[in-house]
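# Fold and contact review
Now for the letters of each chain:
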Amino acid sequence: MKPAGALVAAVVVLAALAGCTPVTAGPPRARPDAVELAAVQRMTTAFNARRAAPLLPWVQLWTSNQFPTELKNCVAEQSHGQLGVDVQLPLLRGLTYGIIGSGSEPNEAEASLIIERCAVATPLDDRVLSVPQKHWQALYSYDLTTLKPCLVAHGFPVGSVPARHDFESLLNAQHPWSPYDAVTVTSRSAWYRISDACPALPATIEVTPPALEPFPFG
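So, a few notes on the structure that sits alongside this text. On a predicted model such as this, the values are computed, not experimentally measured, just so you know.

## Some words on unusual backbone geometry
Backbone geometry at histidine 80 places phi at a positive 55 degrees, although glycine is not the residue there. Within the secondary structure, histidine 80 sits in the loop between helix H3 (67-78) and strand S1 (83-88). Of the residues examined, histidine 80 reaches a relative accessible area of 71% and is grouped as exposed. Of note in the backbone geometry, glutamine 174 takes a positive phi value of approximately 65 degrees without being a glycine. You can see glutamine 174 is positioned in the loop between helix H6 (164-172) and helix H7 (188-197).

What follows is the structure in structure tokens.
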């Protein structure tokens, strides 16, 4: 029988090979971290959502590829299919909305409140757009060798990582690919677990996303 210390060491090595943060004893996280709070605050400020109470709860952060669809789905659900929204990323450029069909509801004020609430409920994590070009190689290596294996080990169907040239071209065009494009969870606690186990960015890369342009609701 192997000594207990050898078994612990083996678990840590296997976790590292899978790209995962080793599980340690202690209660799971129960509160948003600084990255999540900042993402929600960016959306709140951009959409003046403080007036949109009651706000809808957010479940996870969404990548640039996920966000437009998630916002559209939320708006459609909250308006009972009567409101459509079109989002042009990056940084919410060209967001437009309109009534679907021949109805007159929701009115403009109601529509703005629905979009504000949904924006805060679908916080955007586009920190990768602020990664300096000098760190793109390190980011690519992290996604390829650490982040994707970690997410796959947790059961998420991450597709093939683009070739490095394509990866950098997408970054340069501000339409980045991310292993987190394949991640959807159903609860905040599940999000805390996966985002803590598989951080979207390596600890060696620290970025601060710019403020979003305020959306011109009246």
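Moving on from the model shown.
## Remarks on the packing of aromatic side chains
Counted by the stated rule, this structure contains two aromatic pairs. Both rings, one in tyrosine 140 and one in phenylalanine 167, keep their centres 5.0 Å apart while their planes meet at 65 degrees; by these two values the pair is edge-to-face. Of the two residues, tyrosine 140 sits in helix H5 (residues 136-153) while phenylalanine 167 sits in helix H6, which places them 27 residues apart along the sequence. Of the two residues examined, tyrosine 140 and phenylalanine 167, each falls in the buried class. The interplanar angle of 65 degrees and the centroid separation of 5.7 Å between the aromatic rings of tyrosine 180 and tryptophan 191 together place this pair among those described as edge-to-face. In this pair, tyrosine 180 sits in the loop between H6 and H7 while tryptophan 191 sits in helix H7, placing the two residues eleven residues apart along the sequence. Residue tryptophan 191 is classed as buried on the basis of its relative accessible area, which comes to 5%.

Cut-off values and rules
- Residues numbered from 1 in each chain as written.
- Predicted model: local features only at pLDDT ≥ 70, side-chain atom pairs only at ≥ 80, totals over all residues.
- Heavy atoms only, no water.
- Helix = DSSP H or I, 4+ residues; strand = E, 2+ residues; numbered from the N terminus.
- Buried < 20%, exposed > 50% of the residue type's maximum accessible area, 1.4 Å probe, protein only.
- Phe/Tyr/Trp six-rings, centres within 6.5 Å; stacked < 30°, edge-to-face > 60°.

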